[in-house]
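Residues per chain are reported as follows:
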Amino acid sequence: MNLLFDLTATQPSQEVKFHGGGLYGEVIFFALLKRTENFIGIYDGKLYINSEILNSGIKLYDINQISPKELIKQENIDLFYTPLYNNKYEWQLSVKRYAITWHGVRGLEMPYNDIVLYYAKNFKAKAKEMIKSFVKKYSEKRSKKAKKIYYDMQANLENAEYITDSEHSKQSIVNFYPHLAKKEISVFYPPLMDDHIELPQSQFESKSYFLLTSSARWEKNNLRAVWAFDELFSQRKDLNFKVILAGVTDEKVYTRNLKNKDNFIFLGYVDRAELLSLHKNAYAFIYPSLNEGFGYPPIESMRYGVPVATSGTSSIPEICQNAAIYFDPYNVSEIKNRILQLLDKDIYAEYSARAVERYKIVSERQKQDLEKIVDFILGDKSC
């Protein structure tokens, strides 16, 4: 088969430069490259793309120079793969087979939450979100719109074969789209990121801070965790910890009405090596995400035996199982409770040990499933 690999999925989204789906796509690209060089890629030349992809030796086309439809005809493409299921149906592709990774249906599982108001970048954006929050049945309308988009995509992808990241995501897809219940949806854990990366020396003292990541995205819900920590610092003057937030693009989101600002460190985007160094040296990792199709960050902390407190929602309990301590991500008081539990040396030691064991199990499956993903893309049904 002549394969077209959708590299636009690895490039920045409207919200962030780096995102889980993009990193996932990069790992799949290089794993595929180890098996075959008989494919081409399409990307957006106006956006950032990993230089290693540009220098990989694979023939690449800029979507600004040639449309996917024209490229498919020119290169006799009969297989299209995208590592991130979105509005590619607008490309009006016509190929014999589609292989698609569908990471979940977040837009349907959590169509709206008022925490987004705090992340609005200016008065106009906030006013828009406030109007939405008061419009009766807005969430229902947004949900129907999202559902229609996916239906339209499926109508244009009759030959689609789906991969997803977790049993949660698989059953959620079937829940919202019952007509797909008879269609095979393969569950493969997403691959390890940077398995052998060399970490820089940390600029922060080991075990001196709690870590929060992906702080630019409201879905990650870090603001409620900041509220929880701020209350704790006001109540417990003996707490000598800092809280580091990585990926902050607008510090004001977090500093409004913050009483203990000196206890918080706000970092912008950091590269992968530095991010992993932050995970490794943290006292504990707090992950109050409102929705995940898999959830990389807790596993990244577990790699280093760092205890994790996280949301008991969506796919997170499936992936972390008994190796994390869970809370209701909408309940600031409960988040505080779990943070306090991690200050207990016995509980801390227990979850540190559980983290290491869980990482071993998950990472081994990730390695095995990466090969299965490549088999799937190449059409090996024995996977």
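Residues numbered from 1 in each chain as written. Predicted model: local features only at pLDDT ≥ 70, side-chain atom pairs only at ≥ 80, totals over all residues. Heavy atoms only, no water.

A. Here's a closer look at the overall build of the protein chain. Scanning the protein chain from N- to C-terminus turns up 14 helices and 13 strands. Here the protein chain holds 383 residues, and the buried ones make up 55% of them. Considering only contacts in the protein chain between residues 6 or more positions apart, those separated by 24 or more positions represent 68%. Roughly 18100 Å² of accessible area belongs to the protein chain as shown, and the carbon and sulfur atoms make up 48% of that amount. (Helix = DSSP H or I, 4+ residues; strand = E, 2+ residues; numbered from the N terminus. Buried < 20%, exposed > 50% of the residue type's maximum accessible area, 1.4 Å probe, protein only. Contact = heavy atoms within 4.5 Å. Areas by Shrake-Rupley, 256 points an atom, 1.4 Å probe, with all protein chains shown as cover.)

B. Region of interest: the packing of aromatic side chains. Throughout the structure, instances matching the rule amount to 26 aromatic pairs. Seen from their ring centres, Phe-210 and Phe-229 are 5.0 Å apart, and the 55 degrees between their planes marks the pair as tilted. Here the residue Phe-210 occupies a position in strand β8 (residues 209-212), and Phe-229 occupies one in helix α8 (residues 222-235), the gap between them amounting to 19 residues. In this structure Phe-229 comes out as buried when scored by relative accessible area, which is 2%. Residues Phe-233 and Phe-264 carry aromatic rings whose centres are separated by 5.7 Å and whose planes lie at 85 degrees to one another, so their mutual orientation is edge-to-face. Here Phe-264 lies in strand β10 (residues 264-266) and Phe-233 lies in helix α8, a separation of 31 residues in the sequence. The pair Phe-233 / Phe-264 is uniform in exposure class, with both members buried. Members of the aromatic cluster, joined through ring pairs, are Tyr-119, Phe-210, Phe-229, Phe-233, Phe-241, Tyr-254, Phe-264, Phe-266, Tyr-283 and Tyr-348. (Phe/Tyr/Trp six-rings, centres within 6.5 Å; stacked < 30°, edge-to-face > 60°.)

C. Up close: the sheet that holds strand β7 (residues 185-187). Pairing is parallel across the open sheet formed by seven strands, whose spatial order is β3-β2-β1-β4-β5-β6-β7. Pairing within the sheet leaves two strands with one partner each, and these edge strands are β3 (60-62) and β7. Put simply, the sheet's adjacent strands are angled 20 degrees from each other on average, direction ignored. Taken together, the four bridges between strand β4 (residues 79-82) and strand β5 (residues 97-101) define a ladder with parallel strand orientation. Within the sheet, the bridge partner assigned to Thr-82 lies in β5 and is Ile-100. Against the sheet, helix α1 (residues 20-35) touches β1 (3-6), β2 (39-43), β4, β5 and β6 (160-164), its axis set at about 150 degrees to β1. (Pairing = 2+ DSSP bridges. Axes fitted to C-alpha atoms, helices over the stretch in contact; angles between N-to-C directions.)

D. Representation of the pairing of strand β11 (residues 284-287). Covered by surrounding structure in β11 are Ala-284 and Ile-286 together with Phe-285 and Tyr-287, the residues of both alternating faces. As paired elements, β8 and β11 share two bridges and run parallel to each other. Each bridged residue has a counterpart across the sheet, and for Phe-210 the counterpart in β11 is Ala-284. Note: β11 against strand β12 (residues 308-311), three bridges, orientation parallel. Looking at β12, one finds that Tyr-287 is bridged to Thr-310. Assessed by its sense of winding, the connection that carries the chain from β11 through helix α11 (residues 296-302) to β12 is right-handed. (Right-handed = clockwise from strand over helix to strand, strands pointing away.)

E. Molecular detail of the packing of α1 against helix α14 (residues 345-377). Viewed as axis vectors pointing N to C, α1 and α14 meet at an angle of 70 degrees, and their least axial separation amounts to 10 Å. As summarised for this structure, α1 and α14 are arranged roughly perpendicular, according to the angle between their axes. Here Tyr-24, Val-27, Ile-28, Ala-31, Leu-32 and Arg-35 of α1 come into contact with α14, specifically with Leu-370, Glu-371, Ile-373, Val-374, Asp-375 and Ile-377. Classifying every residue of the contact of α1 with α14 by side-chain character gives nine nonpolar, no polar and three charged. (Parallel < 35°, antiparallel > 145°, perpendicular 65-115°, else oblique. Nonpolar A, V, L, I, M, F, W, Y, C, P; charged D, E, K, R; others polar.)

F. Up close: the nonpolar core. Core analysis: the biggest nonpolar cluster contains 55 residues, and Leu-278 and Met-302 have the highest contact counts within it. With sequence-adjacent residues up to four places away left out, Met-302 is seen in contact with Val-308, Cys-320, Ala-323, Ala-324, Ala-355, Val-356, Arg-358 and Tyr-359. Grouped together as the second largest cluster of nonpolar side chains are 37 residues, Val-226, Ala-228, Leu-239 and Phe-241 included. (Core = buried A, V, L, I, M, F, W, Y, C linked by side-chain atoms within 4.5 Å.)

G. The arrangement of the environment of Leu-212 in detail. Note that Leu-212 resides in strand β8. Along the backbone, Leu-212 and Leu-278 are 66 residues apart, and their C-alpha atoms lie at a distance of 9.6 Å. Those residues in contact with Leu-212, other than ones at most four positions away along the chain, are Asn-222, Ala-225, Val-226, Val-243, Ile-244, Leu-245, Ala-246, Phe-285, Ile-286 and Pro-288.

H. View of the pairing of β1. Of the two faces of β1, the one carrying Leu-3 and Phe-5 and the one carrying Leu-4 and Asp-6 are both buried. When β1 meets β4, the two strands line up parallel, connected through three bridges. Counted as the bridge partner of Leu-3 is Leu-79 from β4.

I. Summary view of the side chain of His-103. Examined against the element boundaries, His-103 turns out to sit in the loop between β5 and α4 (106-109). Within the local environment of His-103, its side chain forms a polar contact with the backbone oxygen of Pro-83, the two atoms lying 2.7 Å apart. With sequence-adjacent residues up to four places away left out, His-103 is seen in contact with Gly-21, Tyr-24, Pro-83, Leu-84, Thr-164, Asp-165, Ser-169 and Gly-293. (Polar contact = N/O pair within 3.5 Å; in protein donor to acceptor, adjacent residues only side chain to side chain.)

J. Fine view of the pattern of salt bridges. The tally for this structure, following the rule as stated, stands at 15 salt bridges. Of the charged contacts, one joins Glu-161 and Arg-97 as a salt bridge, the two residues approaching to 3.1 Å between their closest N and O atoms. One end of the pair, Glu-161, is in strand β6; the other, Arg-97, is in strand β5, with 64 residues separating them in the sequence. Classification of Arg-97 by relative accessible area gives buried; the value is 7%. Across the pair Lys-360 and Glu-357 runs a salt bridge, and its minimum N-O distance is 3.4 Å. Here Lys-360 and its partner Glu-357 are both found in helix α14, three residues apart, which amounts to about one turn of the helix. Overlapping salt bridges bring together Arg-35, Glu-371 and Asp-375 as one network. (Salt bridge = Lys/Arg side-chain N within 4 Å of Asp/Glu carboxyl O.)

Keep in mind these values describe shape, not function.
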